[in-house]
Amino acid sequence: MSNVSFCCCYKQADVMKCVDTIVDKCTDPGCCLSRMRPRYKRLVDNIFPSVPQDGLVKNNMEKLTFYALSSPEKLDRIGEYLFQKASRDISRKRNEFVMIAMEAMDQLLVACHAQTLNLFVESYLRIVQKLLESSEPSLQILATQSFVRFSNIEEDTPSYHRRYDFFVSKFSSMCHNNNPNLVTMEMIRMAGIKGIQGVIRKTVSDDLVENIWEPVHMDKIVPSLLFNMHTMKSKTDIVVESGISEEVNDKTDSFSLAESCLRELIGRASFGHVKSVIRPVLKHLDAHHMWVPNVFATQCFRILMFSIQSQYSYAVVETLMTHLDENSNASPKIRTSIADVLSKIIAIAANESVGPTVLEIINSLLTNLRTSVTRRPPSNIGLSESDGENEYREALIHALGEFAAHLPDYQKIEIMMFIMSKVPQFKSSNNPNDLHVQRMCLKSLLMVSTKYSSVQMNATFPQSFLDLLLKTLTASEDEIRFIVLRILHTLLDRHNNASKLSKATVNITKSEINLEKCSRSDTIFIRKHAQDIYVSIYESLEMTNNSVDNVEAVYTTLALICIELLSEETVLDFIRLILSIQELAITNAVLSTQQKFHLHGLVISIMLLVAIVTDLHPLKDYVEKVIEQRKLLNATHLLPELSVHNEVKSASLLPAGVLIEEPELTEALKASGIDITTETGPVLAHRRSWVENTNMSMKGSFTDLSNLDLDSVNSTPAMQRRFSPNEDLSFEAMKRSLLDNPVVRVEQNTRQTQLCDMFRNTSFQDLVAISTASKDEESLHSKITDVFNKVDISNKLSAVETTNQSVPIYETLFPELFAF
C-alpha cells in the first residue's frame, strides 16, 4: 500500500492524533502530508540527491545556509535532524549519504557564528563521535578531517558543558593502530595525530572547557605522539612494501606530524603546565627503556627545549634533574644517559636562567656529583660498573660546564665562588671519599673556568675566592694541586699564551708570546695579593710528592703571572720569589735530587722570561751567561727539559757559576735601571718576610709589634741607622740568614720580644737612663744643646737678652726645663 492510500484509510480522528508521527516518518516528496513538514526539515532533505554519487546539492545547500543565518534559533533543530539522518545512514551502511551529511555540517559550522551555535555543535560532535565509533577506517578518517576543520573555527561564545574526553581517548588509540595494511595503518595514525592536534587547539584556547592538562589526558596524548615519533618508517620503505600513493605522503608522515603536534603542545603550555607535559615523556622513556642508548631521548628533549616558551625552559631542566635524583639507585648507564641528555639541553636554558635559578641548578649538579662520589659500591662491583660511575660524574661535570658557558661573565664568577665554597677544605685526609669529592668539585670549577674570559684580575679573583683557591693549592694531594694550577692557568691567561708555556724552556723569544702592558688596576691587584700568591706557590713546591707535571704547571702559572701582571714596579717581589725557590732547591733536605734539579730548571726558565718580558737586557745577558755556564760545566741537569735524569748527580756539589748569585743579579738589575733599594734596605738581601708573615692579619697593629722591627730611625731625616753592637753583618752571618738557621731566628725573635717589652713596661726616666748609660752615647742635655745651637735666634728675642752673654738664651727663657 502506498503512502497516499495508507494515509487516506485512517479515520479523521486517528489522523489528528498521530499526524505528527506520520509526518516525521513520511519522507516521500509525493506524499500528501509532505507539505505539513517543517521548513528546516524540507530544506535539509533537499540537500541530499536521489543518487548519492551526485554529491551535495549546492543550490539547496545555499538555501539551507541562508535559512540558518536568517533563523539562528533553528540551528539546534537542523543539527539534530542531520544527526538523525546520518545515524540512520550509518546503520544502513549508506556511507555516501553520511559524507554528504558531514559536508553539510561543515559548511553550516563555517557560515554560522551565532550565539546558538553551541547547541548545533553538540549535534555535530555527536555525529563525529558516531563516525569515530565505526569500524570502517574511511569513516574514522572522515570524522577526523571534519573535527580538524571544526578545531580551527573560533567560536564567539564559550561553552560550559562540552567535553572532549572521548575524543582524546579515541584519537590516542588511533595513533597506535596496527592495521595489517601499511597504507591504512599510516592513514589512521596520521588521522589520530591530527585529531589530537585539533583537541589541543580547541581546549587550550577555551578556559571553560575540560582541562586538557590533567594527567588523565596527558598520559594518553604524550605517549601516543612519542610512539609515532619512535616507530617512524621512511617513506621509501612504505612505498616499496605497500605501494602507498603519493597523495598520502605528499606533505608529511606520521613522525613529522607527531613532532609538530608535540611542539605545538609544549609551545602552548604555561609555566604551571610544563611539568604536565614533561612527566609523561619521562614515564614513556622509563617504561620502554629508551635511556640507553639516549638518541631518542636527546631528540625529544631538544624538541621540547626549542619549542617551549623561552622563559619557561629552565623548568624542563629542573624536571629532568629531579628525575635524575629519583633514579639515584638506577644503574650507572641509565644515570649517565640522563646526565648526558641534561648536558645537551642545559645550555639552551642558560640564557633565560637568572638569579637563584642558576645557583639551584648548579647546586643540584654538585649534589648529584657528591652523592655519586660518596656512594659506597657493593663488594661484588665489577670494573665496568666502576667505569660507568666515572662516566656518570664526567657527564655531570660536562653538563655544568655547558650550563656555565652560556651565562654572562658575572654569573660565571658567582658560580665559581659557589663551587669553591662547596669544596672541602683540608690539607690532608685519609678518607678516599673526601679526596674524591674535593677532586670532583675542583674539576667542575675547572670546567667553568675554561668558559670564562678574564678582563681585570680584581674582578676575576674576588678576595674570598682567591683565598680558598690558594688554600687548596697547598693541599697534600698532588692531583688536587695540579687541578688548582690548571684553574689558575685558565683565569690568568688573557692572551692565549698558556699552550706556549706548558713546558719550561730557555729557548723562548719575545715574538712567540702575546704581550700587553700591565694596566694600573692589575698592578694594584698584584701589589695587594702578591704575598699570598707567592707563599702558596712556594709551599706547593715544598711538597715531596710533586711530579714533573706539577712543577711544569707551577712554571706555567709563574710565566702567566709574569706576562699578565708584572711591571717594573712589581718585578722585585717576583725575583725575590725566584731566589727563594733556588734556595729551596739548595737547602731543602726532604726533596729528592731529581726534584731539586727540576726546581733549578724552573728558576732559570722563569728568570729568563722575566728579563724578556720586562725588557731588562743586562738581566737577560746575565741569565744567558748562567745558562752557558751550566752547559760548559756539564750541569745540563739544571736546565729544562724537566724529566728524570738517568745520571745521578749530587744536588749539593754544584760547580761555581751555575747558580744565580745575588751580587751579580744586583748589578744586572742596577744596570737595567731597576731601583733595588726600599725603606728597609737592599731588596735582594734575602727578605723572607712574605713567607714568614703569611698569617699576619693586621700588619702594623699594636698586637704585632713583637714581630716588627721597632727601629724606625731610617724614617727620621738627617739621621743614620745605628746597628746593634751584637748584630753580626759579616758574609757568614748573611749566609746563615740565607740558610734560614732556626736557632738564629729564635734568638732574633727573643731579642725583639725583650726590646718590645722593655719599651712597653719601663718608665720614661728609666728609658732615658738606659739610653744615656752607654759611654758611646751622648747625654740628652748635650744633644738638646747641639740642636738649639743650630737654631737661628730671631731679633725679636734681643729685648729679653741678659748682660750675661755666657748663659744661653733658651736657659734664660725656660729655666725650669734645664734645672738639674
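Residues numbered from 1 in each chain as written. Predicted model: local features only at pLDDT ≥ 70, side-chain atom pairs only at ≥ 80, totals over all residues. Heavy atoms only, no water.

### Things to note about the overall build of the protein
Scanning the protein from N- to C-terminus turns up 36 helices and two strands. Buried positions account for 46% of the 820 residues belonging to the protein. Summed over all atoms, the accessible surface of the protein reaches about 42100 Å², with 52% contributed by carbon and sulfur. (Helix = DSSP H or I, 4+ residues; strand = E, 2+ residues; numbered from the N terminus. Buried < 20%, exposed > 50% of the residue type's maximum accessible area, 1.4 Å probe, protein only. Areas by Shrake-Rupley, 256 points an atom, 1.4 Å probe, with all protein chains shown as cover.)

### A short note on the packing of aromatic side chains
Across all of its chains, the model carries 16 aromatic pairs by this definition. The rings of Y124, F147, F150, Y164, F166, F167 and F171 are connected pair by pair, giving a single aromatic cluster. Over the aromatic face of F48 sits the side chain of K85, whose NZ or CZ is 4.8 Å from the ring centroid. Just above the ring of F83 sits the side chain of R126; from NZ or CZ to the centre is 4.0 Å. (Phe/Tyr/Trp six-rings, centres within 6.5 Å; stacked < 30°, edge-to-face > 60°. Lys NZ or Arg CZ within 6 Å of the ring centre and 35° of its normal.)

### Here we look at unusual backbone geometry
The omega torsion across V292 and P293 is -5°, close enough to zero to call that bond cis. In this fold, P293 is placed in the loop between α14 (274–287) and α15 (295–307). The phi dihedral of H289 falls on the positive side, at around 55°, and the residue is not glycine. In this structure, H289 sits in the loop between α14 and α15. The exposure class of H289 is exposed, given its relative accessible area of 66%.

### Remarks on the packing of α14 against helix α16 (residues 313–326)
Interhelical geometry of α14 versus α16 gives an angle of 40° and a closest axis separation of 10 Å. For the element pair α14 / α16, the angle class is oblique. Considering how the two elements wind past one another, α14 and α16 form a crossing that is right-handed. On α16, the residues that touch V274, K275, I278, L282 and D286 of α14 are A315, V316, T319, L320 and H323. Classifying every residue of the contact of α14 with α16 by side-chain character gives six nonpolar, two polar and two charged. (Axes fitted to C-alpha atoms, helices over the stretch in contact; angles between N-to-C directions. Parallel < 35°, antiparallel > 145°, perpendicular 65-115°, else oblique. Left-handed = near helix turned anticlockwise from the far one by under 90°. Contact = heavy atoms within 4.5 Å. Nonpolar A, V, L, I, M, F, W, Y, C, P; charged D, E, K, R; others polar.)

### Observations concerning the nonpolar core
Of all hydrophobic cores here, the largest spans 214 residues; its most connected members are F301, F461, F574, L602 and L619. Considering every element that reaches this core, the biggest residue donor is helix α28 (residues 593–613), with twelve residues. With near-sequence residues (within four places) excluded, F574 lies in contact with Y534, L558, I561, C562, L566, I606 and V610. Counting residues in hydrophobic clusters, the runner-up holds five residues, among them F597, L638, V658 and L659. (Core = buried A, V, L, I, M, F, W, Y, C linked by side-chain atoms within 4.5 Å.)

### A word on the pattern of salt bridges
Two side chains carrying opposite charge are able to pair once their charged atoms lie near each other. Under the definition given, this model contains 22 salt bridges. The residue E477 makes a salt bridge to R439 at a minimum N-O spacing of 3.7 Å. Placement of E477 in the loop between α23 (463–473) and α24 (478–492) and of R439 in helix α21 (residues 432–449) is noted, with a sequence separation of 38 residues between them. A relative accessible area of 22% places E477 in the partly exposed class. Judged by relative accessible area, R439 falls into the buried class, the value being 13%. Taken together, the salt bridges that share partners define one network made up of R201, E264 and R268. (Salt bridge = Lys/Arg side-chain N within 4 Å of Asp/Glu carboxyl O.)

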